[in-house]
Structures are given as C-alpha cells and as structure tokens.
Amino acid sequence: MIVTVYIQPSAVAAQASDVIHSTIAGLQTRQPSAFIIVNGDFNHVKVSKTLSNFTQYVTCNTRHNKTLDLLYANIKEAYSATVLPPLGVSDHNLIRLVPTYKPVVRRQWSVEVEEELRECYRSTDWELFERVHGEDIDGLSHCITDYIRFCEESIVPTKKVRCFPNNKPWINGDIKALLNRKKRAFMAGDIEGAKVVQKELKKELRAAKDSYKDRLEGRLQADSSREVFDQPTPMTSAGQPGSSLTNTSAPPPHLSFPSSSSSSSSSPPPFHTSPPLPSTLPQEACPPHTFPQDHSPSMSFTPGDIATPTLIITTS
C-alpha cells in the first residue's frame, strides 16, 4: 500500500502527526502483514517518532539545501536513494530509490560432497563433546549444532545468486533468455520479431509451469510435504519470510517517485579434507550460539493489491 502525504507549510506539526499516525494505524490493523510506503512532501513536520517502526530512505536534499520530501517503509535496508534533476519547472528534485538486493547463498550438493561430509562425521570423536560439556545439556547441544554447521560450511561449496522478488519459482535460464530477446527486439523497434519471441515464451512458460507442478506433486507423493509448503510466497503472492536459503533478503520492487507536492504517487570455499580431530576441540568449532536473523519477505504486487490513500493536511 502506498500513502501519499502533503503537509502545508502552515500546518500544525502535532495535528499533522496525529492524522498520519491514525491513518497508518488503521491500515496496519486491516492488513497487518502488508508492505506500506508513506511518501510525499512533509515540509517542517518530523514523523520519525510517529512512524517508529518505519525506515526513512531519502538521505539527500530534495529542495535546495533541505530534505522536505521523504519516503518511509515498514521494512529495513530495502532501498538506497540517489538524487536526479527536477522534473519540468518543479523546484523539487526527483529521488530515485534502487533496491539493495542481497545475494542468495545456495549449497551445491553432490554425491561426492555428501560422502566427504559423512567421512568428516565418521572421523569425529563425538565423546569429546560430552567430556568437555559434562552435564550442561544446553551447551552440549549448541556446540554439536555449531560443529555440524562448521563442517557443512567448510565442505559444501556455495553459489551466490541474485533473487528478485518478482521471480516465480518456474522461471529458468531459458525463459530469462527469451525475455531478454523480446526486450531487445522491442527496443530495436522490431514488433514482428517481438511477437515471434512472445509465442516461444508462451510455450516455454507453459512447459516450465507444468514441470514445476510435476515436481511439487512428486514431493507430495514422496511424503516431502514440508518442502512443498515451505514455498507459499511464490504460489500465493503472500509476503511471508519462510525460506530454506540463507541470507535471503529480498526488498520490494524498484521505486522512482518525484519529490514534489504535485506527484501522484565467493567463489566457493575449497573442499575440505577432514583431518583427525585434535585432542581438544578447536574454539572455532564452538562459537557462541546465535540464531539466524529474520529477513524481510519478498513482495509481489498486482494493481488490485495497492491502495493509495492521500493525506492533504492543512491548518485547523
């Protein structure tokens, strides 16, 4: 949901903050999990305390040497802002917000990697953990968990990929190549060529969706229902953070809005050869236990999903 705000220079700051707070609170009550953007010309009013759970992303001057036009969103670390020249005769600069995509880290599993990991575990003196921690069950479980993670990170190679929020799970390399061909044909003015590519793209999309459906049905038949229901977001477009990948923060789509009151709107790590476990457990194998941080869910919008309330605040 996008809320556009314009506060007149003569407006009372406290009253303006109250109106914004009540409007946003109402939207969050109706749609608790919705992605909300509040942007516009705030003039002299500061609403950082009013929108305490929101992040403000405009960090450059928007009118002369002042930052009057702001954008708040209810997720963190989503955008970086750059300033552009004013549009037409406006005296407010344009602000371009670019998503700060974070790479998705995927494990590259193979038969050889699995066998090497098994050999690492077979060569481990598991009784050493018990001798070190004794009756401390929590410390023992945390240390074993961290050691298993340490072995996996040392042996299993990884690959970093860029995951965009509007990518559906059936999108593959062939489809991306066709999309790029269609875009190049369109930009070159080759309308007929773009239509030909569109027909190929339609066939590939149908085949990819059928393949994805068969894959999900196969997992259900193999009693791997957890793998199926770990992916509600791509199938329902619901913004949920559940994912089996690490470091999977995907910000919302690209935004570019005019900042004026008239605007409408590693390389894989080397393979590890397991040495005999030393007589004392390395300290690196037992780091302090930490839990993974929550990440922002990926977003997917359709025109019907976006409401755009407009607040125009004047003096009472």
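Note that this is a predicted model, so its numbers are computed, not measured.

**Student:** So what's going on with the nonpolar core? Which residues, and what values?
**Tutor:** Among the nonpolar cores identified, the biggest contains 19 residues, and Ile7, Ile20, Ile24, Val38, Phe42, Leu51 and Tyr72 are the most heavily contacted of them. Top element by residues in this core is helix 1 (residues 13-30). It accounts for four residues. Leaving out residues up to four positions away in the same chain, Tyr72 has contacts with Ile36, Ile37, Val38, Phe42, Val47, Ser48, Leu51, Phe54, Thr55 and Gln56. With 12 residues, the next largest nonpolar core counts Tyr57, Leu71, Tyr79 and Ile95 among its residues.

**Student:** Account for the environment of Ala185, with residues named and values stated.
**Tutor:** Of note, Ala185 is situated in helix 5 (residues 173-187). Distance in space between the C-alpha atoms of Ala185 and Lys195 is 9.1 Å, their sequence separation being 10 residues. Each residue touching Ala185, except ones within four places of it in the same chain, is listed here: Asp190, Gly193 and Ala194.

**Student:** Hey, could you go over the packing of helix 5 against helix 6 (residues 191-221) for me, with residue numbers and the actual values?
**Tutor:** The contact between helix 5 and helix 6 brings their axes to 9 Å, and the two run at 165°. Comparing the axis directions of helix 5 and helix 6 gives the class roughly antiparallel. As helix 5 packs across helix 6, the resulting crossing turns out to be left-handed. Touching Asp174, Ile175, Leu178, Leu179, Arg181, Lys182, Ala185 and Phe186 of helix 5 are Gly193, Ala194, Val197, Gln198, Glu200, Leu201, Glu204, Leu205 and Ala208, all from helix 6. A per-class count over the contact of helix 5 with helix 6 returns 10 nonpolar, two polar and five charged.

**Student:** Break down the pattern of salt bridges for me, with residues and values.
**Tutor:** Following the criterion strictly, the structure yields 11 salt bridges and no others. The partner of Glu114 in a salt bridge is Arg118, with the nearest N and O atoms 3.8 Å apart. Here the residue Glu114 and the residue Arg118 both occupy positions in helix 2 (residues 111-122), the gap between them amounting to four residues, near one helical turn. Accessibility expressed as a relative area gives 33% for Glu114, which makes it partly exposed. Here Lys213 and Asp214 are joined by a salt bridge, their closest N and O atoms 3.6 Å apart. Take Lys213: its relative accessible area is 41%, and that puts it in the partly exposed class. Here the salt bridges do not stand alone but share partners, grouping Glu114, Glu115, Arg118, Glu119 and Arg122 into one network.

So, how was this worked out
Residues numbered from 1 in each chain as written. Predicted model: local features only at pLDDT ≥ 70, side-chain atom pairs only at ≥ 80, totals over all residues. Heavy atoms only, no water. Core = buried A, V, L, I, M, F, W, Y, C linked by side-chain atoms within 4.5 Å. Buried < 20%, exposed > 50% of the residue type's maximum accessible area, 1.4 Å probe, protein only. Helix = DSSP H or I, 4+ residues; strand = E, 2+ residues; numbered from the N terminus. Contact = heavy atoms within 4.5 Å. Axes fitted to C-alpha atoms, helices over the stretch in contact; angles between N-to-C directions. Parallel < 35°, antiparallel > 145°, perpendicular 65-115°, else oblique. Left-handed = near helix turned anticlockwise from the far one by under 90°. Nonpolar A, V, L, I, M, F, W, Y, C, P; charged D, E, K, R; others polar. Salt bridge = Lys/Arg side-chain N within 4 Å of Asp/Glu carboxyl O.

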